[in-house]
Amino acid sequence: MIPDVTDRFEAAYRATKGQRVVFVAIEREGERWTVSADALTASPDHVVDDTVNVALRAAIVCLVKAQEAGTDAFAGPVYFMLHGVPKERRARELAAAFHAALHGDLGPPHRAVPSADVEQDGDVAG
């Protein structure tokens, strides 16, 4: 259910903002894909917990290290973006996992990026 917003990002973002929900989408950039997840579009009542930020940041670090995303990835605290994801299916999987996390469910990101460990103090393990 993750939309492909290639060539219509702005319209999709505006529509999501109007609905006051979390924006999550993928878009094609050449041969690769970009994943966007943004809680700024959600209602003011939507809060992204620090635990979510730490988990998503750890996942992004792992994805960059594994070259599944570009080094220009953006990691929070309420906006997350991955450039350079090689396959559409993987981009959709990551977008769905980030969407779940931004709604408080960390299971999908842990399954999508199992190598993303978070140390006891909240630091990203490397």
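Refer to the structure above for everything that follows.
Okay, so let's go over this structure. These numbers come from a predicted model, not from an experiment.

1. Structural notes on the nonpolar core
Okay, step 1: Of all hydrophobic cores here, the largest spans 33 residues; its most connected members are Val 35, Leu 82, Leu 94, Phe 98, Leu 102 and Val 113.
Okay, step 2: Breaking this core down by element, the ones donating at least two residues are strand S1 (23–29), strand S2 (32–38), helix H2 (50–65), strand S4 (79–85) and helix H3 (88–101).
Okay, step 3: Ranked by residues supplied to this core, first place goes to H2 with eight residues.
Okay, step 4: The contacts of Leu 102, once residues within four sequence positions are left out, are Val 22, Ala 37, Asp 38, His 46, Val 48, Val 52, Leu 56 and Phe 80.
Okay, step 5: One finds Phe 9, Ala 12, Phe 23 and Ala 25 within the second-largest nonpolar core, a separate group that totals five residues.

2. Let's talk about H2
Okay, step 1: Between the first and last C-alpha of H2 there are 23 Å, a value that for 16 residues agrees with the 22 Å anticipated at 1.5 Å per step.
Okay, step 2: Buried within H2 we find Val 52, Asn 53, Val 54, Ala 55, Leu 56, Ala 58, Ala 59, Ile 60, Cys 62 and Leu 63.
Okay, step 3: Against strand S3 (74–75), S4, H3 and helix H4 (107–112) lie the buried residues of H2.
Okay, step 4: In the stretch just after H2, Gln 67 is the one whose phi turns positive, near 60 degrees.

3. Looking at the packing of H2 against H3
Okay, step 1: Here H2 crosses H3 at 160 degrees, and the two axes come no closer than 10 Å. One finds that H2 runs roughly antiparallel with respect to H3. The chirality of how H2 crosses H3 is right-handed. Across from Val 52, Leu 56, Ile 60 and Leu 63 in H2, the residues of H3 making contact are Arg 90, Leu 94, Phe 98 and Ala 101.

Rules used throughout
Residues numbered from 1 in each chain as written. Predicted model: local features only at pLDDT ≥ 70, side-chain atom pairs only at ≥ 80, totals over all residues. Heavy atoms only, no water. Core = buried A, V, L, I, M, F, W, Y, C linked by side-chain atoms within 4.5 Å. Buried < 20%, exposed > 50% of the residue type's maximum accessible area, 1.4 Å probe, protein only. Helix = DSSP H or I, 4+ residues; strand = E, 2+ residues; numbered from the N terminus. Contact = heavy atoms within 4.5 Å. Expected span 1.5 Å × (residues − 1). Axes fitted to C-alpha atoms, helices over the stretch in contact; angles between N-to-C directions. Parallel < 35°, antiparallel > 145°, perpendicular 65-115°, else oblique. Left-handed = near helix turned anticlockwise from the far one by under 90°.

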